[in-house]
Structure formats: C-alpha cells, structure tokens
Amino acid sequence: RAIDNLKRVGALDPDRLHRMDHQALAELIRPAGYFNIKARRLKNFMAVLHDQFAGRVENMAAWDTDALREVLVSTKGIGPETADSILLYALGRPVFVIDAYTHRLATRLGLAFEDADYYQLQEMFVDNLPQDAKLYNELHALLVSLGKNFCRPKPKCEPCPLLDRPCPFGQERLADRE
C-alpha cells in the first residue's frame, strides 16, 4: 500500500522523493509501519543519491561494488542488509543478502551456529555458491518464502519441504512430539 501511495502521487522518482517534505513522505508510507523512521532513512538515502550520484541510480552502477557498499553502509539508517539489498536487487550485483529468515534457516538446518553474524553467514553462502546475482536473488526469495511460510519463529515443521532434506531442527521437533 505504501508503494501504491507513492505511485499514486508520482513520487517513485528519486528527485521527487529527495525534494518531498518529510511529513508528506511519512504519510504516504504510513501503511509500511514505522513510517517516521523509514521516511527519515529514505530521505537520508535520497540525499546520498542526489549528492554523490546526481540523483541517478545509473550513476551508482558505475561504481565498484565494494566502494559503493561502503558509501551505502556509511549512510545513516542503512545497514548491511539494506546496502546488500540495494546492490543485489537494484543494481544486479552478486551480493548475497542475509536477513532474519536466512539466519533462522541456516541455524535450524545446522549450516551455521546461532551466534553467527551477518558477515559469517554471508561468507558461508558466497563460498559455497557460484557468484551469480540471478542465483542469489532467486535463492534469497526462496529462503524468505520458506521463512515466512514454514520456518517461522513458531515453526510449521510438518508441511515444510525441507523436513526430509534433512532438517535436524524439524526432525528433532517432530520426534519430541511422538
């Protein structure tokens, strides 16, 4: 709904977003929740896009991935996950995005320790997959889908397609019920 609101007023344009008043932007993205914080972060990103890249995503694309990531994570409100999402989804760079779903699945499948940080998990995926933005995009989408539909904080193990792959977490959980 927030995206629809922005589309409705023609505000999915970087220049319009950059010039838009904070309150007006916050009201448009209200359906996304935490709208004041998100509006502030979006305005911070728009300022960087405007000041360093002349307001054009195409100008960002000319930068080296590591240098661009450094600029992004140094922007207030943009952390590693958001920076990597911009690199992967907006610019097609082969950067694997780690989110809460990915972390939960990796630990429950026994691929990583619970205390693994963002960079350790990212390294695990990158070291074991070909460097391919399309593959990273698809795999991340599948992990998000599994995380939303099955491997939730309160998991739905029985119908999960990974139960027999094997998923030690799910198998142990179901064995405890017997």
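Residues numbered from 1 in each chain as written. Predicted model: local features only at pLDDT ≥ 70, side-chain atom pairs only at ≥ 80, totals over all residues. Heavy atoms only, no water.

**Some points on the overall build of the chain**
Phase 1: Along its length, the chain carries 11 helices and zero strands.
Phase 2: Its C-alpha atoms give the chain principal-axis dimensions of about 60 × 35 × 25 Å.
Phase 3: Every one of the 178 residues in the chain was classed for burial, and the buried ones make up 38%.
Phase 4: Here the contacts in the chain between residues at least 6 apart in sequence split such that 44% fall between residues at least 24 apart. (Helix = DSSP H or I, 4+ residues; strand = E, 2+ residues; numbered from the N terminus. Buried < 20%, exposed > 50% of the residue type's maximum accessible area, 1.4 Å probe, protein only. Contact = heavy atoms within 4.5 Å.)

**With respect to the nonpolar core**
Phase 1: The biggest cluster of nonpolar side chains holds 26 residues, and the ones touching the most others in it are M60 and L72.
Phase 2: Broken down by element, this core gets its largest block of residues, seven residues, from helix α4 (residues 35–53).
Phase 3: Excluding its chain neighbours within four sequence positions, the residues that come into contact with L72 are F45, M60, I78, A83, I86 and L87.
Phase 4: The next biggest cluster of nonpolar side chains, apart from the first, holds 19 residues, and it includes L88, I98, F125 and Y136. (Core = buried A, V, L, I, M, F, W, Y, C linked by side-chain atoms within 4.5 Å.)

**So, the packing of aromatic side chains**
Phase 1: In the structure shown here, the tally under the stated rule is four aromatic pairs.
Phase 2: Aromatic side chains F96 and F125 sit 4.4 Å apart centroid to centroid with 5 degrees between the ring planes, which places their arrangement in the stacked category. Taken as a pair, F96 in the loop between α7 (80–90) and α8 (100–108) and F125 in helix α9 (residues 118–128) lie far apart in primary sequence, 29 residues in all. No difference in accessibility class separates F96 from F125, as the two residues are buried.
Phase 3: For the pair F96 and Y136, a centre-to-centre distance of 5.4 Å together with 80 degrees between the ring planes defines the contact as edge-to-face. Pair noted here: F96 is in the loop between α7 and α8 and Y136 is in helix α10 (residues 133–149), with a separation of 40 residues, a long-range link. (Phe/Tyr/Trp six-rings, centres within 6.5 Å; stacked < 30°, edge-to-face > 60°.)

**Quick word on the environment of K43**
Phase 1: Looking at the element boundaries, K43 is found in helix α4.
Phase 2: Taking C-alpha positions, K43 is 45 Å from R173, a pair spaced 130 residues apart along the chain.
Phase 3: Beyond its immediate sequence surroundings of up to four residues, K43 is in contact with L17, H18, R19, M20 and L25.

**Remarks on unusual backbone geometry**
Phase 1: Phi at Y34 is positive, roughly 45 degrees, even though this residue is not glycine.
Phase 2: Along the chain, Y34 turns up in the loop between α3 (22–28) and α4.
Phase 3: Positive phi, normally seen in glycine, also occurs at A54, with a value near 55 degrees.
Phase 4: Secondary-structure assignment places A54 in the loop between α4 and α5 (57–61).
Phase 5: Taking the relative accessible area as the measure of exposure, A54 reaches 58% and is therefore exposed.

**Quick notes on the pattern of salt bridges**
Side-chain pairs of opposite charge can arise whenever the charged atoms involved come near each other.
Phase 1: By the definition in use, this model includes four salt bridges.
Phase 2: Of the charged contacts, one joins D15 and R19 as a salt bridge, the two residues approaching to 2.9 Å between their closest N and O atoms. Placement of both D15 and R19 in helix α2 (residues 14–19) is noted, with a separation of four residues, approximately one turn of the helix.
Phase 3: Among the residues examined, R19 registers a relative accessible area of 55% and is labelled exposed.
Phase 4: In this structure, R56 and E58 form a salt bridge, with 3.4 Å as the shortest nitrogen-oxygen distance. (Salt bridge = Lys/Arg side-chain N within 4 Å of Asp/Glu carboxyl O.)

**Things to note about α9**
Phase 1: Every buried residue of α9 is accounted for by Y118, L121, Q122, M124 and F125. Down the axis of α9, the buried set is contained in an arc of 155 degrees. They therefore lie on one face.
Phase 2: Elements that come into contact with the buried residues of α9 comprise α6 (65–73), α7, α8 and α10.
Phase 3: Where α9 starts, the residue carrying a side-chain oxygen 3.1 Å from the main-chain nitrogen of Y119 turns out to be D117. (Arc of directions from axis to C-beta. Polar contact = N/O pair within 3.5 Å; in protein donor to acceptor, adjacent residues only side chain to side chain.)

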